[in-house]
Amino acid sequence: VLAPVWIAGLVRVFRAGPGRPFRFLGIGYLLLAVVYLLAGGKAYYLAGMYPALLAAGAIATDGWLRDVRGRARLLAAALGLSLVVGAVVGLAVLPARALGPVLAVNPDAGEQVAWPRYVDQIAAVWNRLPGSQRATGVVLTQNYGEAGAIDRYGPAAGLPAAYSGHNGFADWAQPFGQAAPVVVVGYADDSVRGRLFGACEQQATLDNGLGLDTQEQGVPVWVCGQPPRPWADTWEDVRHLS
């Protein structure tokens, strides 16, 4: 709703006048917008640019408010509406079951829904392993969200700390030697899973119980044997960015 304010700021820094020394902000914003669009980045990657553009736009908006009476009420209404929309789309103010329409706008709003339930489902697979296997086994997830859920709720369910090769999570820890068996969360691609972990058997499918189409819904949980290579050699193949 407040897009006209920061767009006015973007225009202002490119015009001759007091805003011209800040043209680098506009150039930076446009370059980053193009890069993130081409690379499939998320909308919030540009969030750091908006305070500067809103500040520039506020000066233009201040002049616009002085021109015609009643515009202040219009701006106040826009601020109020923006607050409501932003809260519904970005904050946990709705029941989880009502998030369907929100996920169409902001998929990240559903990415912590049902974490305790997911962890219980993974723990059920882990706890079915014999004690001797749990002593040497590891839990590996395809993305850092799954690993974060396990690290947050897993200890109470008997799970060890999770490993993941996703983004920066891969730098925090990696399994040692040829630790096995491996409870693998994700990796639905048979060819990738087989190359990394050898023989695997699916033991569960994550289900949030709400019918919400989140990134974790329908993710398989596998029990895999000893990796064909030591983890030190396998880890670079496990690493992935997204």
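Above: the structure in question.
Here's what I pulled together on the structure shown here. The residue numbering used here restarts from 1 in each chain and proceeds along that chain's sequence as written. With the structure being a predicted model, the display of local features is reserved for residues of pLDDT at least 70 and the display and counting of side-chain atom pairs for 80 or more, all residues being used for whole-chain, interface and lining totals. Side-chain measures here rest on the full set of heavy atoms in the structure, leaving out hydrogens and waters.

### Let's talk about the packing of helix α6 (residues 115–127) against helix α8 (residues 144–153)
Just so we agree on the cut-off: Each axis is a line fitted through C-alpha atoms, taken for helices only over the stretch in contact, and angles between the N-to-C directions span 0 to 180 degrees. The way it works is that DSSP assigns letters per residue, a run of H or I at least four long becomes a helix, a run of E at least two long becomes a strand, and they are numbered from the N terminus. Our angle categories are set so that under 35 degrees counts as roughly parallel, over 145 as roughly antiparallel, 65 to 115 as roughly perpendicular, and the remainder as oblique. Contacts are assigned to residue pairs that have any heavy atoms within 4.5 Å of one another. Any residue that is not Ala, Val, Leu, Ile, Met, Phe, Trp, Tyr, Cys, Pro, Asp, Glu, Lys or Arg is counted as polar, Gly included; the first ten are nonpolar and the last four charged.
As a packed pair, α6 and α8 sit with axes 9 Å apart at the nearest point and diverge in direction by 85°. When the interaxial angle is binned, α6 and α8 end up roughly perpendicular. Facing Trp-115, Pro-116, Val-119 and Ile-122 of α6, the residues of α8 in contact are Gly-145, Gly-148, Ala-149, Ile-150 and Tyr-153. By residue class, the composition of the contact of α6 with α8 is seven nonpolar, two polar and no charged.

### Re the packing of helix α9 (residues 190–197) against helix α10 (residues 231–238)
Running from N to C, α9 and α10 cross one another at 160°; their axes reach a closest spacing of 10 Å. Compared by their axis directions, α9 and α10 come out roughly antiparallel. Between α9 and α10, the contacting residues are Arg-195, Leu-196 and Phe-197 on the first element and Trp-231, Thr-234, Asp-237 and Val-238 on the second. Of the residues contributing to the contact of α9 with α10, the split by class is four nonpolar, one polar and two charged.

### Describing the pattern of salt bridges
Going by this rule: What makes a salt bridge here is a side-chain nitrogen of Lys or Arg within 4 Å of a carboxyl oxygen of Asp or Glu, nothing more. Burial classification: accessible surface area is computed with a 1.4 Å probe over protein chains only, and a residue below 20% of its type maximum counts as buried, one above 50% as exposed, and the rest as partly exposed.
Taken as a whole and judged by the stated rule, the model has five salt bridges. For Asp-108, the salt bridge is made with Lys-42, and the minimal N-O distance between the two is 3.3 Å. A residue pair is termed long-range when its members are at least 10 positions apart, and Asp-108 in the loop between α5 (100–105) and α6 and Lys-42 in the loop between α2 (23–39) and α3 (50–67) qualify at 66 residues. For Asp-108, a relative accessible area of 33% translates into the label partly exposed. Ionic pairing is found between Asp-237 and Arg-229, a salt bridge with its closest N-O pair at 2.6 Å. A relative accessible area of 32% places Arg-229 in the partly exposed class. Overlapping salt bridges, with partners in common, bring together Asp-171, Glu-236 and Arg-239 in one network.

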